[in-house]
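Read off the chains here:
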Amino acid sequence: MYGATVDEIEDAAYDDKLAEFEARIARGEKIEPGDWMPDEYRRQLIRMISQHAHSEVVGMLPEGTFITSAPTLRRKLILLAKVQDEGGHGQYLYHAAETLGATREEMLEALLSGKAKYASVFNYPALSWADMGAIGMLVDGAAILNQTMLARASYGPYSRAMIRICTEENFHQRQGEDIIITLAQGTEEQKAMAQDAINRWWWPSMMMFGPHDSDSKNSEILLRWGVKTRTNDQLRQQFVNQMVPKLHKLGLSVPDPDLHYDEESGNWIHGEIDWDEFWNVIKGNGPCNAERMAARRKAHEDGQWVREALEAYAARQEAQPA
Ligand code: FAQ
(Lines give C-alpha, C1' and ligand atoms only; values in the text may rest on other atoms or scores of the structure.)
Protein backbone atom coordinates (compact mmCIF):
# COMPACT_ATOMS: atom_id res chain seq x y z
CA MET A 1 0.00 0.00 0.00
CA TYR A 2 2.65 2.48 -1.17
CA GLY A 3 1.66 6.03 -0.23
CA ALA A 4 -1.12 4.93 2.14
CA THR A 5 -1.48 6.67 5.50
CA VAL A 6 -1.26 4.77 8.79
CA ASP A 7 -5.04 5.22 9.20
CA GLU A 8 -5.68 3.75 5.76
CA ILE A 9 -3.45 0.77 6.47
CA GLU A 10 -5.19 0.24 9.80
CA ASP A 11 -8.62 0.54 8.18
CA ALA A 12 -7.68 -2.01 5.52
CA ALA A 13 -6.39 -4.39 8.21
CA TYR A 14 -9.67 -3.94 10.13
CA ASP A 15 -11.70 -4.62 6.98
CA ASP A 16 -9.77 -7.84 6.37
CA LYS A 17 -10.30 -8.99 9.94
CA LEU A 18 -14.00 -8.15 9.77
CA ALA A 19 -14.37 -10.03 6.48
CA GLU A 20 -12.68 -13.11 7.95
CA PHE A 21 -14.81 -12.85 11.13
CA GLU A 22 -18.01 -12.69 9.09
CA ALA A 23 -16.84 -15.53 6.82
CA ARG A 24 -16.27 -17.71 9.90
CA ILE A 25 -19.80 -16.98 11.09
CA ALA A 26 -21.18 -17.73 7.63
CA ARG A 27 -19.36 -21.12 7.71
CA GLY A 28 -21.10 -21.86 11.02
CA GLU A 29 -17.88 -21.70 13.07
CA LYS A 30 -18.11 -20.53 16.67
CA ILE A 31 -16.26 -17.42 17.78
CA GLU A 32 -14.26 -18.24 20.92
CA PRO A 33 -13.03 -15.91 23.71
CA GLY A 34 -9.47 -15.34 22.45
CA ASP A 35 -10.51 -14.84 18.81
CA TRP A 36 -10.55 -11.47 17.08
CA MET A 37 -14.00 -9.88 17.16
CA PRO A 38 -15.33 -6.37 16.45
CA ASP A 39 -15.71 -4.21 19.57
CA GLU A 40 -19.42 -3.89 18.80
CA TYR A 41 -19.85 -7.69 18.79
CA ARG A 42 -18.19 -7.83 22.24
CA ARG A 43 -20.31 -4.93 23.53
CA GLN A 44 -23.56 -6.44 22.25
CA LEU A 45 -22.78 -9.83 23.75
CA ILE A 46 -21.82 -8.40 27.16
CA ARG A 47 -25.05 -6.37 27.16
CA MET A 48 -27.23 -9.28 26.18
CA ILE A 49 -25.58 -12.05 28.21
CA SER A 50 -25.30 -9.99 31.40
CA GLN A 51 -28.94 -8.87 31.10
CA HIS A 52 -29.91 -12.48 30.50
CA ALA A 53 -27.96 -13.48 33.66
CA HIS A 54 -29.70 -10.75 35.69
CA SER A 55 -33.07 -11.99 34.38
CA GLU A 56 -32.37 -15.51 35.59
CA VAL A 57 -31.40 -14.33 39.06
CA VAL A 58 -34.23 -11.78 39.45
CA GLY A 59 -36.48 -14.47 37.91
CA MET A 60 -35.98 -16.58 41.04
CA LEU A 61 -37.97 -14.07 43.08
CA PRO A 62 -41.63 -14.44 41.92
CA GLU A 63 -41.60 -18.23 42.31
CA GLY A 64 -39.31 -18.13 45.34
CA THR A 65 -42.14 -16.66 47.40
CA PHE A 66 -44.25 -19.81 46.89
CA ILE A 67 -41.70 -22.39 48.03
CA THR A 68 -43.01 -22.26 51.59
CA SER A 69 -46.64 -22.57 50.52
CA ALA A 70 -46.50 -25.27 47.83
CA PRO A 71 -49.56 -27.53 48.21
CA THR A 72 -47.63 -30.83 48.61
CA LEU A 73 -44.12 -31.97 49.51
CA ARG A 74 -43.63 -33.20 45.92
CA ARG A 75 -44.63 -29.83 44.44
CA LYS A 76 -42.35 -28.09 46.94
CA LEU A 77 -39.32 -30.21 45.97
CA ILE A 78 -39.94 -29.60 42.27
CA LEU A 79 -40.35 -25.84 42.71
CA LEU A 80 -37.29 -25.65 44.94
CA ALA A 81 -35.22 -27.45 42.28
CA LYS A 82 -36.54 -25.17 39.55
CA VAL A 83 -35.75 -21.95 41.41
CA GLN A 84 -32.30 -23.29 42.25
CA ASP A 85 -31.75 -24.08 38.55
CA GLU A 86 -32.47 -20.44 37.65
CA GLY A 87 -29.69 -19.34 40.04
CA GLY A 88 -27.39 -21.84 38.28
CA HIS A 89 -28.37 -20.40 34.89
CA GLY A 90 -27.35 -16.97 36.18
CA GLN A 91 -23.95 -18.44 37.11
CA TYR A 92 -23.33 -20.01 33.67
CA LEU A 93 -24.29 -16.74 32.01
CA TYR A 94 -22.17 -14.49 34.23
CA HIS A 95 -19.24 -16.81 33.43
CA ALA A 96 -19.99 -16.58 29.70
CA ALA A 97 -19.98 -12.76 29.94
CA GLU A 98 -16.71 -12.87 31.91
CA THR A 99 -15.03 -14.62 28.94
CA LEU A 100 -15.58 -11.33 27.06
CA GLY A 101 -13.79 -9.24 29.67
CA ALA A 102 -16.73 -8.10 31.81
CA THR A 103 -16.13 -8.49 35.55
CA ARG A 104 -18.72 -9.85 37.95
CA GLU A 105 -18.43 -6.66 40.03
CA GLU A 106 -19.17 -4.43 37.02
CA MET A 107 -22.16 -6.53 36.00
CA LEU A 108 -23.64 -6.63 39.50
CA GLU A 109 -23.07 -2.93 39.96
CA ALA A 110 -24.94 -2.29 36.69
CA LEU A 111 -27.89 -4.37 37.91
CA LEU A 112 -28.01 -2.94 41.43
CA SER A 113 -27.67 0.67 40.28
CA GLY A 114 -30.49 0.19 37.77
CA LYS A 115 -28.25 0.77 34.73
CA ALA A 116 -28.71 -2.75 33.37
CA LYS A 117 -32.03 -4.15 32.28
CA TYR A 118 -33.52 -7.53 33.12
CA ALA A 119 -36.60 -9.24 31.68
CA SER A 120 -39.67 -7.07 32.24
CA VAL A 121 -41.83 -10.12 33.02
CA PHE A 122 -40.27 -10.54 36.46
CA ASN A 123 -41.66 -7.20 37.61
CA TYR A 124 -45.14 -8.68 37.91
CA PRO A 125 -46.37 -10.31 41.13
CA ALA A 126 -47.09 -14.01 41.66
CA LEU A 127 -50.42 -14.00 43.48
CA SER A 128 -51.59 -17.61 43.72
CA TRP A 129 -50.27 -21.15 43.39
CA ALA A 130 -51.68 -21.22 39.84
CA ASP A 131 -49.11 -18.54 38.97
CA MET A 132 -46.40 -21.21 39.43
CA GLY A 133 -48.11 -23.07 36.59
CA ALA A 134 -48.53 -19.99 34.41
CA ILE A 135 -44.90 -18.93 34.91
CA GLY A 136 -43.62 -22.42 34.03
CA MET A 137 -45.92 -22.80 31.05
CA LEU A 138 -45.82 -19.28 29.58
CA VAL A 139 -42.66 -17.59 30.89
CA ASP A 140 -40.42 -20.66 30.60
CA GLY A 141 -42.22 -21.51 27.36
CA ALA A 142 -41.29 -18.12 25.90
CA ALA A 143 -37.75 -18.33 27.32
CA ILE A 144 -37.19 -21.75 25.70
CA LEU A 145 -38.10 -20.53 22.22
CA ASN A 146 -35.70 -17.62 22.54
CA GLN A 147 -32.96 -19.73 24.12
CA THR A 148 -33.23 -22.58 21.62
CA MET A 149 -32.41 -19.96 19.01
CA LEU A 150 -29.52 -18.67 21.16
CA ALA A 151 -28.12 -22.21 21.48
CA ARG A 152 -27.13 -21.69 17.85
CA ALA A 153 -25.56 -18.28 18.55
CA SER A 154 -22.19 -17.55 16.95
CA TYR A 155 -20.41 -16.99 20.27
CA GLY A 156 -19.23 -20.38 21.60
CA PRO A 157 -19.53 -19.89 25.39
CA TYR A 158 -23.04 -18.39 25.08
CA SER A 159 -24.29 -21.09 22.75
CA ARG A 160 -22.90 -23.89 24.93
CA ALA A 161 -24.43 -22.37 28.09
CA MET A 162 -27.76 -22.23 26.26
CA ILE A 163 -27.71 -25.93 25.37
CA ARG A 164 -27.50 -26.88 29.04
CA ILE A 165 -29.98 -24.21 30.12
CA CYS A 166 -32.56 -25.29 27.54
CA THR A 167 -32.48 -28.88 28.80
CA GLU A 168 -33.32 -27.64 32.28
CA GLU A 169 -35.91 -25.13 31.02
CA ASN A 170 -37.77 -27.98 29.32
CA PHE A 171 -38.25 -29.58 32.70
CA HIS A 172 -39.38 -26.20 34.08
CA GLN A 173 -41.98 -25.82 31.39
CA ARG A 174 -43.27 -29.36 31.93
CA GLN A 175 -43.72 -28.74 35.65
CA GLY A 176 -45.65 -25.55 34.87
CA GLU A 177 -47.88 -27.34 32.38
CA ASP A 178 -48.44 -30.12 34.89
CA ILE A 179 -49.72 -27.58 37.44
CA ILE A 180 -52.01 -25.91 34.88
CA ILE A 181 -53.33 -29.28 33.60
CA THR A 182 -54.06 -30.41 37.16
CA LEU A 183 -55.91 -27.19 38.01
CA ALA A 184 -57.77 -27.11 34.68
CA GLN A 185 -59.08 -30.61 35.38
CA GLY A 186 -59.94 -29.81 38.99
CA THR A 187 -62.88 -28.09 40.66
CA GLU A 188 -64.51 -24.97 39.20
CA GLU A 189 -62.53 -22.92 41.70
CA GLN A 190 -59.24 -24.49 40.62
CA LYS A 191 -60.06 -23.97 36.96
CA ALA A 192 -60.82 -20.31 37.70
CA MET A 193 -57.44 -20.00 39.47
CA ALA A 194 -55.68 -21.36 36.38
CA GLN A 195 -57.59 -19.01 34.08
CA ASP A 196 -56.87 -16.02 36.29
CA ALA A 197 -53.13 -16.81 36.29
CA ILE A 198 -53.08 -17.24 32.49
CA ASN A 199 -54.94 -13.93 32.12
CA ARG A 200 -52.34 -12.09 34.20
CA TRP A 201 -49.19 -13.71 32.72
CA TRP A 202 -50.20 -13.84 29.03
CA TRP A 203 -49.31 -10.28 28.03
CA PRO A 204 -46.13 -9.98 30.14
CA SER A 205 -44.99 -13.25 28.49
CA MET A 206 -45.75 -11.85 25.02
CA MET A 207 -43.59 -8.84 25.91
CA MET A 208 -40.61 -11.07 26.73
CA PHE A 209 -39.69 -11.26 23.04
CA GLY A 210 -38.99 -7.53 22.96
CA PRO A 211 -40.34 -4.71 20.80
CA HIS A 212 -41.66 -5.22 17.27
CA ASP A 213 -38.90 -5.79 14.72
CA SER A 214 -39.41 -2.25 13.39
CA ASP A 215 -38.56 -0.84 16.86
CA SER A 216 -35.78 -3.29 17.77
CA LYS A 217 -32.58 -1.25 17.61
CA ASN A 218 -30.23 -4.17 18.29
CA SER A 219 -31.69 -6.85 16.03
CA GLU A 220 -30.04 -5.85 12.78
CA ILE A 221 -26.46 -6.24 14.00
CA LEU A 222 -27.29 -9.30 16.13
CA LEU A 223 -28.82 -11.02 13.08
CA ARG A 224 -25.90 -10.00 10.86
CA TRP A 225 -23.42 -11.55 13.29
CA GLY A 226 -25.42 -14.68 14.01
CA VAL A 227 -26.19 -13.98 17.65
CA LYS A 228 -29.90 -13.99 16.88
CA THR A 229 -31.09 -16.11 13.99
CA ARG A 230 -34.77 -15.18 14.31
CA THR A 231 -36.44 -11.85 14.95
CA ASN A 232 -38.44 -10.79 18.01
CA ASP A 233 -41.73 -10.95 16.07
CA GLN A 234 -40.94 -14.32 14.48
CA LEU A 235 -40.31 -15.90 17.89
CA ARG A 236 -43.40 -14.24 19.38
CA GLN A 237 -45.53 -15.67 16.54
CA GLN A 238 -44.09 -19.13 17.19
CA PHE A 239 -45.02 -18.76 20.86
CA VAL A 240 -48.62 -17.79 20.08
CA ASN A 241 -48.99 -20.65 17.60
CA GLN A 242 -47.68 -23.10 20.17
CA MET A 243 -49.57 -21.86 23.24
CA VAL A 244 -53.05 -21.05 21.93
CA PRO A 245 -53.98 -24.65 20.94
CA LYS A 246 -52.53 -25.99 24.20
CA LEU A 247 -54.62 -23.59 26.31
CA HIS A 248 -57.78 -24.17 24.25
CA LYS A 249 -57.35 -27.92 24.63
CA LEU A 250 -57.41 -27.46 28.41
CA GLY A 251 -60.62 -25.43 28.18
CA LEU A 252 -58.76 -22.22 28.99
CA SER A 253 -58.98 -19.00 27.02
CA VAL A 254 -56.41 -16.42 25.96
CA PRO A 255 -57.10 -12.88 27.22
CA ASP A 256 -56.97 -11.32 23.76
CA PRO A 257 -60.28 -10.30 22.13
CA ASP A 258 -58.54 -9.82 18.77
CA LEU A 259 -56.98 -13.28 18.66
CA HIS A 260 -58.02 -15.22 15.55
CA TYR A 261 -56.77 -17.99 13.33
CA ASP A 262 -55.60 -17.06 9.85
CA GLU A 263 -56.19 -20.01 7.49
CA GLU A 264 -53.89 -18.65 4.81
CA SER A 265 -50.75 -18.25 6.91
CA GLY A 266 -51.63 -20.94 9.46
CA ASN A 267 -50.90 -18.42 12.23
CA TRP A 268 -52.86 -17.39 15.28
CA ILE A 269 -52.97 -13.60 14.88
CA HIS A 270 -52.77 -11.74 18.18
CA GLY A 271 -53.97 -8.29 19.16
CA GLU A 272 -51.63 -5.38 19.83
CA ILE A 273 -49.39 -5.40 22.86
CA ASP A 274 -49.62 -2.47 25.25
CA TRP A 275 -46.19 -1.02 24.44
CA ASP A 276 -46.64 1.89 26.85
CA GLU A 277 -46.91 -0.64 29.64
CA PHE A 278 -43.82 -2.51 28.33
CA TRP A 279 -41.57 0.58 28.24
CA ASN A 280 -42.93 1.80 31.54
CA VAL A 281 -42.02 -1.47 33.26
CA ILE A 282 -38.55 -1.39 31.67
CA LYS A 283 -38.06 2.15 32.95
CA GLY A 284 -38.57 0.84 36.48
CA ASN A 285 -42.25 1.62 37.02
CA GLY A 286 -43.73 -1.89 36.93
CA PRO A 287 -45.77 -3.29 39.82
CA CYS A 288 -42.76 -5.00 41.47
CA ASN A 289 -39.59 -3.25 40.17
CA ALA A 290 -38.82 -1.60 43.51
CA GLU A 291 -39.48 -4.80 45.45
CA ARG A 292 -37.29 -6.91 43.11
CA MET A 293 -34.37 -4.49 43.29
CA ALA A 294 -34.66 -4.20 47.06
CA ALA A 295 -34.54 -8.02 47.33
CA ARG A 296 -31.44 -8.19 45.10
CA ARG A 297 -29.69 -5.40 47.04
CA LYS A 298 -30.42 -7.15 50.33
CA ALA A 299 -29.12 -10.48 48.97
CA HIS A 300 -25.96 -8.71 47.80
CA GLU A 301 -25.40 -7.05 51.18
CA ASP A 302 -26.11 -10.30 53.04
CA GLY A 303 -23.47 -12.00 50.89
CA GLN A 304 -20.77 -9.44 51.66
CA TRP A 305 -19.20 -11.56 54.40
CA VAL A 306 -18.87 -14.51 52.00
CA ARG A 307 -17.03 -12.37 49.45
CA GLU A 308 -14.76 -11.00 52.18
CA ALA A 309 -14.01 -14.49 53.51
CA LEU A 310 -13.16 -15.71 50.00
CA GLU A 311 -10.84 -12.76 49.42
CA ALA A 312 -9.12 -13.31 52.76
CA TYR A 313 -8.70 -17.02 51.99
CA ALA A 314 -7.26 -16.27 48.53
CA ALA A 315 -4.85 -13.70 50.02
CA ARG A 316 -3.68 -16.21 52.63
CA GLN A 317 -3.13 -18.90 49.99
CA GLU A 318 -1.05 -16.46 47.94
CA ALA A 319 1.02 -15.41 50.94
CA GLN A 320 1.91 -19.02 51.80
CA PRO A 321 5.27 -20.26 50.47
CA ALA A 322 4.89 -22.76 47.59
N1 FAQ B 1 -37.43 -6.95 29.14
O2 FAQ B 1 -33.36 -3.90 20.39
P3 FAQ B 1 -34.17 -4.84 21.21
C4 FAQ B 1 -36.01 -16.48 31.62
C5 FAQ B 1 -34.80 -4.02 25.86
S6 FAQ B 1 -34.74 -15.67 30.86
C7 FAQ B 1 -36.53 -5.97 29.39
O8 FAQ B 1 -35.15 -5.70 20.51
P9 FAQ B 1 -32.55 -7.14 21.72
C10 FAQ B 1 -35.73 -17.72 32.39
C11 FAQ B 1 -33.49 -4.46 25.22
O12 FAQ B 1 -32.58 -4.94 26.20
C13 FAQ B 1 -35.50 -14.24 30.13
N14 FAQ B 1 -35.88 -5.30 28.43
O15 FAQ B 1 -33.16 -5.73 22.08
C16 FAQ B 1 -36.64 -17.82 33.54
C17 FAQ B 1 -33.05 -3.15 24.56
O18 FAQ B 1 -32.45 -2.28 25.51
P19 FAQ B 1 -30.82 -2.10 25.65
C20 FAQ B 1 -34.52 -13.33 29.62
C21 FAQ B 1 -36.16 -5.64 27.15
O22 FAQ B 1 -31.45 -7.39 22.67
C23 FAQ B 1 -37.94 -18.28 33.38
C24 FAQ B 1 -34.36 -2.49 24.17
O25 FAQ B 1 -35.37 -3.10 24.96
N26 FAQ B 1 -34.01 -13.80 28.35
O27 FAQ B 1 -37.07 -16.02 31.47
C28 FAQ B 1 -37.06 -6.65 26.82
O29 FAQ B 1 -32.25 -7.22 20.27
C30 FAQ B 1 -38.79 -18.37 34.47
C31 FAQ B 1 -34.67 -2.67 22.69
O32 FAQ B 1 -34.91 -4.05 22.37
C33 FAQ B 1 -32.98 -13.18 27.75
O34 FAQ B 1 -32.44 -12.22 28.26
C35 FAQ B 1 -37.72 -7.33 27.87
N36 FAQ B 1 -38.62 -8.30 27.66
O37 FAQ B 1 -33.76 -8.16 21.99
C38 FAQ B 1 -36.20 -17.46 34.80
C39 FAQ B 1 -32.52 -13.78 26.44
N40 FAQ B 1 -37.13 -6.75 25.48
O41 FAQ B 1 -30.27 -3.40 26.22
C42 FAQ B 1 -37.05 -17.57 35.90
C43 FAQ B 1 -31.39 -13.02 25.83
C44 FAQ B 1 -36.29 -5.82 24.98
O45 FAQ B 1 -30.29 -1.85 24.26
C46 FAQ B 1 -38.36 -18.04 35.73
N47 FAQ B 1 -31.82 -11.76 25.31
N48 FAQ B 1 -35.72 -5.15 25.99
O49 FAQ B 1 -30.66 -0.96 26.58
C50 FAQ B 1 -32.46 -11.63 24.11
O51 FAQ B 1 -32.76 -12.59 23.42
C52 FAQ B 1 -32.71 -10.22 23.63
O53 FAQ B 1 -31.88 -9.34 24.36
C54 FAQ B 1 -34.22 -9.77 23.75
C55 FAQ B 1 -34.31 -8.30 23.29
C56 FAQ B 1 -35.08 -10.61 22.84
C57 FAQ B 1 -34.69 -9.86 25.19
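Everything discussed here concerns the structure shown above.
No experiment lies behind these values; they were computed from the predicted model shown. (Residues numbered from 1 in each chain as written. Predicted model: local features only at pLDDT ≥ 70, side-chain atom pairs only at ≥ 80, totals over all residues. Heavy atoms only, no water.)

Regarding the side chain of Glu168
Secondary-structure assignment places Glu168 in helix 7 (residues 156-184). Aside from chain neighbours lying at most four places away, what touches Glu168 is Asp85, His89 and Tyr92. (Helix = DSSP H or I, 4+ residues; strand = E, 2+ residues; numbered from the N terminus. Contact = heavy atoms within 4.5 Å.)

Considering the site of the ligand
If you check the shell around the ligand, you find 38 residues, and the closest are Arg47, Lys117, Ser216, Lys217 and Lys228. Here a nitrogen atom of the ligand sits 3.5 Å away from a polar atom, N or O, in the main chain of Met208. Contact with the protein chains covers 93% of the free accessible surface of the ligand, which is 1100 Å². Elements that contribute at least two residues to the shell around the ligand include exactly helix 2 (39-58), helix 4 (73-98), helix 6 (130-150), helix 7, helix 9 (219-224) and helix 11 (275-285). When the residues that make up the shell around the ligand are grouped by side-chain class, the tally is 16 nonpolar, 12 polar and 10 charged. (Near = heavy atom within 4 Å. Polar contact = N/O pair within 3.5 Å; in protein donor to acceptor, adjacent residues only side chain to side chain. Areas by Shrake-Rupley, 256 points an atom, 1.4 Å probe, with all protein chains shown as cover. Nonpolar A, V, L, I, M, F, W, Y, C, P; charged D, E, K, R; others polar.)

Considerations on the pattern of salt bridges
Note on pairing: side chains with opposite charge can pair once their charged atoms come close. One pass over the full model with this rule turns up 20 salt bridges. The partner of Arg43 in a salt bridge is Glu40, with the nearest N and O atoms 2.9 Å apart. Placement of both Arg43 and Glu40 in helix 2 is noted, with a separation of three residues, approximately one turn of the helix. Residue Glu40 is classed as partly exposed on the basis of its relative accessible area of 28%. Note that Glu291 is salt-bridged to Arg292, the shortest N-O span being 3.7 Å. Beyond isolated ion pairs, a larger network of salt bridges with shared partners links Glu20, Arg24, Arg27, Glu29 and Asp35. (Salt bridge = Lys/Arg side-chain N within 4 Å of Asp/Glu carboxyl O. Buried < 20%, exposed > 50% of the residue type's maximum accessible area, 1.4 Å probe, protein only.)

With respect to the packing of aromatic side chains
The tally for this structure, following the rule as stated, stands at 11 aromatic pairs. Residues Tyr41 and Tyr155 carry aromatic rings whose centres are separated by 6.5 Å and whose planes lie at 80 degrees to one another, so their mutual orientation is edge-to-face. Residue Tyr41 is found in helix 2, and its partner Tyr155 is found in the loop between helix 6 and helix 7; the two are separated by 114 residues along the sequence. Here the two residues Tyr41 and Tyr155 agree in accessibility, since each one is buried. Measuring from centroid to centroid gives 5.3 Å for Trp275 and Phe278, while their planes differ by 90 degrees, and the two rings are edge-to-face. Within this pair, Trp275 and its partner Phe278 are both found in helix 11, separated by three residues, close to a single helical turn. Here Phe278 falls in the buried class, since its relative accessible area comes to 4%. In textbook terms, an aromatic cluster arises when at least three aromatic residues are bridged by ring pairs, as seen for Tyr14, Phe21, Trp36, Tyr41, Tyr155 and Trp225. (Phe/Tyr/Trp six-rings, centres within 6.5 Å; stacked < 30°, edge-to-face > 60°.)

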